[in-house]
Amino acid sequence: MTSAGNGVAQPAFAFATSAIDGRARTGLITTAHGQIRTPAFMPVGTAATVKAMYPAQVKQLGADVVLGNTYHLMLRPGAERVARLGGLHQFMNWPHPILTDSGGFQLMSLSKLRKITEKGVTFQSHIDGARYELTPERSIEIQGLLGADIQMQLDECVRMPCAREEADRAMQLSLRWAERSKAAFGALPGQGLFGIVQGADVPELRVESARKLIDIGFHGYAVGGLAVGEPQDVMLAMLDVVTPILPADRPRYLMGVGTPDDLVESVRRGVDMFDCVMPTRAGRHGLAYTRHGKVNLKNARHAEDTRPLDEASPCEASSAWSRAYLHHLVKSGEILGMMLLTWNNLAYYQELMAGMRAAIAAGRLDDFIAETKDGWARGEAAA
């Protein structure tokens, strides 16, 4: 235990593995706001909300941690304002762990609005055009004002494919920013700082990045710059290179991933944490994830289908409404359709993670993955 500035004892940030099956492992991350069961999927709460969900629902589905976005919260409502209002946990009524990204991904996704230098990045707000500067030090300051349990170094993420020289340049810059991020972070009770492995799809660069980050020393290590449009086999090949190098006593986080198949294959390769907008975004656009694969509720064939999405699911959204009704809601653009499908999707993702945790503990992850993929492949026949 360590003591916070207010004199209240806080648990030290820690990670402990409870079972290993091949390269996969299950365990617990301890933070100031509670424990995170791993492997963990973090619903994305970009603007201090998981879209179309109540916070209590997100927790009831099995999520131990959500992700907040440094870039978006910096622009609106502002980190200093959130701090004055009691911090992000209180602001969004989520008294559980929160991970914040550093803003690095937006350096890529909003590339037309920014300029990168050694110092950091200057950019125009996509909201009102105001100019901002984000440095490694400012990113850490913002994440501290928000009160995030897990904070990320500022890094530069490049689009793939890209030239090796460009991947090397961005990776080396990210390493220098990693050192500055760690210096700015200092020591915060119960909170952790993660370094981010970069290097695009070049194995040698990924290895160099991982080893130098380990030398700097972080509470955990993320693999960034994947799931940005490259084929799955490229992503998995980079994990095969990187995860064996990363310390076994620190959590491993694959950023921005992904599909259910991405999750099971990455867990098989030793990844502990994931985040992705896919289940919530898909739910708002009429797509459901189930044990029997994907169901597109926009399709006319569901118009008179009285079956639920999955009558065996413990999630009410999956079992209590007919596909015909969900189809009607989606075609009508009704908010309830977005809410129910988001609810279903997050429930399925958390069921998948819980199933993998149990399978790892029982030493049968490969069997679980085979059974899961068989269910997806059989599709509606299984339903």
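Residues numbered from 1 in each chain as written. Predicted model: local features only at pLDDT ≥ 70, side-chain atom pairs only at ≥ 80, totals over all residues. Heavy atoms only, no water.

### So, the pattern of salt bridges
- Summed over all chains, the structure comprises 24 salt bridges.
- For Arg180, the salt bridge identified is with Glu137, shortest N-O distance 2.9 Å. Note that Arg180 is positioned in helix α7 (residues 164-185) and Glu137 in helix α6 (residues 136-146), a separation of 43 residues in sequence.
- Taking the relative accessible area as the measure of exposure, Arg180 reaches 23% and is therefore partly exposed.
- Residue class for Glu137 comes out partly exposed when judged on its relative accessible area of 34%.
- Close ionic contact of Arg138 with Glu141 constitutes a salt bridge, the shortest N to O distance being 3.0 Å. One end of the pair, Arg138, and the other, Glu141, are both in helix α6, 3 residues apart, so they sit about a helical turn from each other. (Salt bridge = Lys/Arg side-chain N within 4 Å of Asp/Glu carboxyl O. Helix = DSSP H or I, 4+ residues; strand = E, 2+ residues; numbered from the N terminus. Buried < 20%, exposed > 50% of the residue type's maximum accessible area, 1.4 Å probe, protein only.)

### Here's the deal with the packing of helix α13 (residues 323-332) against helix α14 (residues 335-362)
- Following both chains from N to C, one finds α13 and α14 inclined at 125 degrees, their axes separated by 7 Å at the closest point. Classified by the angle between their axes, α13 and α14 sit oblique to one another. For the element pair α13 and α14, the recorded crossing hand is left-handed. Across the interface between the two elements, Tyr325, Leu326, Leu329 and Val330 of α13 pack against Leu336, Gly337, Leu340 and Leu341 of α14.
- Considered class by class, the residues forming the contact of α13 with α14 number 7 nonpolar, 1 polar and no charged. (Axes fitted to C-alpha atoms, helices over the stretch in contact; angles between N-to-C directions. Parallel < 35°, antiparallel > 145°, perpendicular 65-115°, else oblique. Left-handed = near helix turned anticlockwise from the far one by under 90°. Contact = heavy atoms within 4.5 Å. Nonpolar A, V, L, I, M, F, W, Y, C, P; charged D, E, K, R; others polar.)

### Section: the side chain of Ser318
- If you trace the backbone, Ser318 turns up in helix α12 (residues 316-319).
- Under the relative-accessibility criterion, Ser318 is labelled buried at 2%.
- In terms of polar contacts, Ser318 uses its side chain to reach the side chain of Asn344, at 2.7 Å.
- Apart from the residues lying within four places of it in its own chain, the contact partners of Ser318 are Pro308, Leu309, Asp310, Ser313 and Asn344. (Polar contact = N/O pair within 3.5 Å; in protein donor to acceptor, adjacent residues only side chain to side chain.)

### Looking at the packing of helix α10 (residues 260-268) against α14
- Contact pair α10 / α14: the axes reach a minimum separation of 11 Å and the direction vectors enclose 20 degrees. The orientation of α10 relative to α14 falls into the category roughly parallel. When the axes of α10 and α14 are compared, the crossing they make is right-handed. In contact with Pro260, Leu263, Val264 and Val267 of α10, α14 contributes Tyr348, Tyr349, Leu352, Met353, Met356 and Ile360.

### Quick notes on the nonpolar core
- If you look at the biggest cluster of nonpolar residues, it comprises 92 residues, and the most contacted ones within it are Leu254, Leu263, Phe274, Met356 and Leu365.
- For this core, the element with the most residues is α14, which contributes 12 residues.
- Residues within four places of Met356 in sequence aside, it is in contact with Leu263, Val264, Val267, Leu365 and Phe368.
- Core analysis: the next-biggest nonpolar cluster, separate from the first, contains 18 residues, Leu67, Leu99, Tyr253 and Met255 among them. (Core = buried A, V, L, I, M, F, W, Y, C linked by side-chain atoms within 4.5 Å.)

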